[in-house]
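Close look at the chain arrangement
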Amino acid sequence: MNVQIEESWKQRLQGEFDKPYFQQLTERVRQEYTTTTCYPPGRLIFNAFNLCPFDEVKVVIIGQDPYHEPGQAHGLSFSVQDGVDFPPSLQNIFKEIELDLGVPVPKSGNLERWARQGVLLLNATLTVRAHQANSHALLGWREFTDAAIAALAREREHLVYMLWGGYARGKAYMIDRQRNLVLESVHPSPLSANRGGWFGQHQFSRCNEYLKQQGQQPIQW
């Protein structure tokens, strides 16, 4: 199957595209987009991969599924398009960056600027029905995105994995902690963050310090 995705990722994931589950997934997603309103726009489904080639990944941030209200999702976990109000989780991410690094909260919640620096903003499920969180969770996306994480774990080292919340932390078993930095915390959503364990963790400065130790440019959060 010829999937339109950035070439370095295509080389690593071609085996997935040829599996029966992915062909079934493609049919299901096509049917959903034809019969209901879904996000993100079809051309942006693989945006996380397209903006952050395999060999340029420095940091991996795993989300669950796309935002499901109009104008928000554009294929990057936690990110919203320019001019869209910040969802609560993104507000808390920016608050923690300000506390940690002194970086003022930006005017835009569009995190393409992170992706272009090597931050893979990967949702476990890449599509969603409008107004229905997790509505595409069982279509087969997670097998595909797990394969992407596995490819990174197999071929790359000295990456920073930022695992927020129980779902993302469930991916930790795939990562060699001897060869990478794994930063785990509660989810930045208000329900979790306000109970403690999100603010004051200094994840962003710890990430940058590790990257510098590996001779890499830190992320301009």
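Residues numbered from 1 in each chain as written. Predicted model: local features only at pLDDT ≥ 70, side-chain atom pairs only at ≥ 80, totals over all residues. Heavy atoms only, no water.

1. A short note on the environment of Gln 23
Heads up, the condition is: A run of H or I in DSSP counts as a helix once it spans at least four residues, and a run of E counts as a strand once it spans at least two, with each numbered from the N terminus. N or O atoms closer than or at 3.5 Å make up a polar contact, with two conditions inside protein: a donor-capable atom paired with an acceptor-capable one, and, for residues adjacent in sequence, both atoms drawn from side chains.
Tracing the chain through its elements places Gln 23 in helix H2 (residues 20-35). Counting along the chain gives 197 residues from Gln 23 to Gln 220, while the straight-line C-alpha distance between them is 38 Å. A polar side-chain atom of Gln 23 sits 3.4 Å from the main-chain carbonyl oxygen of Asp 18.

2. Structural notes on the environment of Gly 15
Of note, Gly 15 is situated in helix H1 (residues 7-17). The spatial distance from the C-alpha of Gly 15 to the C-alpha of Ala 150 is 13 Å, given a sequence separation of 135 residues.

3. Points about the sheet that holds strand S2 (residues 59-63)
Working definition: the strands of a sheet are paired by backbone hydrogen bonds and lie parallel or antiparallel to each other. As a reminder of what qualifies: In this analysis, strands are considered paired if DSSP registers two or more bridges between them. Angles run from 0 to 180 degrees between N-to-C directions of axes, and those axes are lines fitted to C-alpha atoms, restricted for helices to the stretch in contact. In what follows, residue pairs with any heavy atoms lying within 4.5 Å of each other are defined as contacts.
An order of S3-S2-S5-S6 is seen for the four strands of this open sheet, with the pairing classed as parallel. Only two strands of the sheet have a single neighbouring strand rather than two, namely strand S3 (119-123) and strand S6 (181-185). Geometrically, the sheet is characterised by an average inter-axis angle of 15 degrees between neighbouring strands, direction not taken into account. Looking at chain direction, S2 and S3 are connected through five bridges and run parallel. Its bridge partner being in S3, Val 59 is matched across the sheet by Val 119. Running at roughly 165 degrees to strand S5 (residues 160-164), helix H9 (residues 203-213) makes contact with S2, S5 and S6 of the sheet.

4. Describing the pairing of S5
Note the following rule: Three exposure classes are used, based on accessible area relative to the maximum for each residue type with a 1.4 Å probe and protein chains only: buried under 20%, partly exposed in between, and exposed over 50%.
A large share of S5 lies buried, amounting to five of its five residues. Residues Val 160, Met 162 and Trp 164 point to one face of S5 and Tyr 161 and Leu 163 to the other, with burial holding for every one of them. Two strands pair when backbone bridges link them, and S2 and S5 are joined in this way by three bridges, in the parallel orientation. Directly across from Val 59, in S5, lies its bridge partner Val 160.

5. What to know about the packing of H1 against helix H6 (residues 141-155)
Our working rule: Any angle from 65 to 115 degrees is called roughly perpendicular, while one under 35 is roughly parallel, one over 145 is roughly antiparallel, and all others are oblique. In this scheme the crossing of two helices becomes right-handed for a clockwise turn of the near helix relative to the far one and left-handed for an anticlockwise turn of less than a right angle. Put simply, Ala, Val, Leu, Ile, Met, Phe, Trp, Tyr, Cys and Pro go in the nonpolar bin, Asp, Glu, Lys and Arg in the charged bin, and everything else, Gly too, in the polar bin.
Where H1 contacts H6, the axes come no closer than 10 Å and their chain directions differ by 135 degrees. Put simply, H1 runs oblique to H6. Regarding H1 and H6, the two cross each other, and that crossing is right-handed. Residues Trp 9, Arg 12, Leu 13, Glu 16 and Phe 17 of H1 touch H6, and the partners they reach there are Glu 143, Phe 144, Ala 147, Ala 148, Ala 151, Leu 152 and Glu 155. Residue composition of the contact of H1 with H6, by class: eight nonpolar, no polar and four charged.

6. Quick notes on the pattern of salt bridges
Rule in force here: Should a side-chain nitrogen of Lys or Arg be within 4 Å of a carboxyl oxygen of Asp or Glu, the pair is scored as a salt bridge.
All told, the structure shown has eleven salt bridges when counted by the stated rule. With its nearest N and O atoms 3.0 Å apart, the salt bridge here joins Lys 19 to Glu 16. With a relative accessible area of 34%, Lys 19 lands in the partly exposed category. A residue is classified by how much of its surface remains accessible, and Glu 16, at 12% relative accessible area, is buried. In this structure, Arg 129 engages Glu 32 in a salt bridge whose closest nitrogen and oxygen atoms are separated by 2.6 Å. With Arg 129 in strand S4 (residues 128-129) and Glu 32 in helix H2, this residue pair connects regions lying 97 residues apart in the sequence.

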